[in-house]
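Chain by chain, the residues run as shown.
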Amino acid sequence: MKLLAISDLHVGFPDNRAAVASLGARPDDWLILGGDLGETFEHVRFVLDTLAPRFRKLVWVPGNHELYVDPHAPPSEPRGAARYTRYVELCRERGVLTPEDPYPVWEGEGGPHLLVPMFLLYDYTFRPDHVPVHEAVDWAAEQGIAAADEFFLDPAPFPSRPAWCHARVAETEARLRAAPAMPKVLINHFPLRQDLVFLPRVPRFSPWCGTRKTTDWHVRFDARVVVQGHLHVRRTVHVDGVRFEEVSFGYPRERRSDRLIDTYVKQILPTPEPTL
């Protein structure tokens, strides 16, 4: 029984939807879904209903895209925290683990590890030190960078996205302090450290990528692996002896058309053998 991961499936794109439909079954393994499955409840339902029968267990964390709502959508459309709660309900209806559930102990190959799915958002602090936080969005705009989040990610009932982020960080930090003292796999859509934000094409997108409040969490909370997505730049990096895995699938234009989605599924546990 292996622990696997993939994120940023973005099934609003027909090619990505077809790829997810073609993903091979691994009925003995668990699969982490690291956020940005799509932008709608239908997108997320499709992914969960397609993949839940093919794996022993799914673990989901939200990205920013699941939280998108057209500003002109009717008031009945859930926004902000209410939207996140609805996704949690969709997952629980299908037996999928979420950041709101008790942290499970992974007893499969490479275990035991405590699996810690998290929802932390960002607070614009991933920027150069000389740029004030309140100017981070303008700093990005100087190079033509703007995030759709500024229009589509409503933080309600919080007054801002940073306020929502800080509430999530405080709640999650309290849970981690109370968690069992054992090796952990931390799972979050957004990177936990600014130095892991590798965006060679759009370097000033970093303000929407995380919070400095989590910089040392991999050490403080005894992580052996950190799983993240969001960047659409797949790579493995080691910091302080901890393995960080960026597991994005990404947009169709970012991939080779002849590469199957199965090759994008990353083994988290047991630790993969190094490749030459």
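Residues numbered from 1 in each chain as written. Predicted model: local features only at pLDDT ≥ 70, side-chain atom pairs only at ≥ 80, totals over all residues. Heavy atoms only, no water.

An unreviewed UniProt entry annotates the protein as Metallophosphoesterase originating from Polyangium fumosum.

K.L.:
Is there a simple way to think about the overall build of the protein in this case?
P.N.:
Counting secondary structure elements, the protein contains 7 helices and 10 strands. Against the 2.2 N^0.38 benchmark of 19 Å for 276 residues, the protein shows a C-alpha radius of gyration of 18 Å, consistent with a compact globule. Projected onto its principal axes, the C-alpha coordinates of the protein cover approximately 45 × 40 × 40 Å. Taking the contacts inside the protein whose residues are at least 6 apart along the sequence as the reference set, 74% of them involve residues at least 24 apart. Carbon and sulfur atoms provide 54% of the accessible area of the protein, an area that totals close to 11,900 Å². Charge-centre separation for the protein: the mean point of 33 positive side chains lies 3 Å from the mean point of 37 negative side chains. (Helix = DSSP H or I, 4+ residues; strand = E, 2+ residues; numbered from the N terminus. Rg over C-alpha atoms; globule rule 2.2 N^0.38 Å. Contact = heavy atoms within 4.5 Å. Areas by Shrake-Rupley, 256 points an atom, 1.4 Å probe, with all protein chains shown as cover. Lys, Arg positive; Asp, Glu negative; His and termini not counted. Charge placed at Lys NZ, Arg CZ, Asp CG, Glu CD.)

K.L.:
Whenever I open this one, the nonpolar core confuses me. Can you help?
P.N.:
In globular proteins that are soluble, nonpolar side chains generally tend to be buried together. Core analysis: the biggest nonpolar cluster contains 70 residues, and L9 and L33 have the highest contact counts within it. Top contributing element to this core by residue count: helix α2 (residues 41–51), with 6 residues. With near-sequence residues (within four places) excluded, L9 lies in contact with N16, V20, L33, G35, D36, L37, V47, F249 and I261. (Core = buried A, V, L, I, M, F, W, Y, C linked by side-chain atoms within 4.5 Å. Buried < 20%, exposed > 50% of the residue type's maximum accessible area, 1.4 Å probe, protein only.)

K.L.:
When you look at the sheet that holds strand β5 (residues 113–117) in this model, what are you seeing that I'm missing?
P.N.:
Within a beta sheet, neighbouring strands are joined by backbone hydrogen bonds and run either parallel or antiparallel to one another. Pairing in this open sheet of 6 strands is mixed, and the strands run β4-β5-β6-β7-β9-β8 from one edge to the other. Each end of this open sheet is capped by a strand with a single partner; those strands are β4 (105–106) and β8 (235–239). Looking at chain direction, β4 and β5 are connected through 2 bridges and run antiparallel. Of the residues in β5, the one forming a bridge with W106 is H113. (Pairing = 2+ DSSP bridges.)

K.L.:
Explain the pattern of salt bridges here, please?
P.N.:
Side chains that carry opposite charge are capable of pairing whenever their charged atoms lie near each other. Applying the stated criterion to the full structure yields 23 salt bridges. Across the salt bridge formed by R177 and E173, the nearest N and O atoms sit 3.8 Å from each other. Here R177 pairs with E173, and both are found in helix α6 (residues 161–178), just 4 residues apart, close to one helical turn. What makes R177 exposed here is its relative accessible area of 55%. Salt bridges here are not isolated pairs; linked through shared partners, they connect D49, R86, E89, E93 and R94. (Salt bridge = Lys/Arg side-chain N within 4 Å of Asp/Glu carboxyl O.)

K.L.:
Looking at this structure, I do not really get α6. What am I missing?
P.N.:
An α-helix turns once every 3.6 residues. As a result, residues three or four positions apart point the same way. Its 18 residues place the ends of α6 26 Å apart at the C-alpha level, agreeing with the 26 Å of an ideal helix rising 1.5 Å per residue. Taken residue by residue, α6 has R161, P162, W164, C165, R168, V169, T172, E173 and L176 as its buried positions. Angularly, the buried residues of α6 cover 160° about the axis, an arc narrow enough to put them on a single face. Across α6 from its buried face, at more than 90 degrees, point the exposed residues R177 and A178. Buried residues along α6 sit against α3 (80–93), β5, α5 (149–152), β6 (184–187) and α7 (217–220). The N-cap of α6, judged by a side-chain oxygen 3.1 Å from the amide nitrogen of A163 a few residues on, is S160. (Expected span 1.5 Å × (residues − 1). Arc of directions from axis to C-beta. Polar contact = N/O pair within 3.5 Å; in protein donor to acceptor, adjacent residues only side chain to side chain.)

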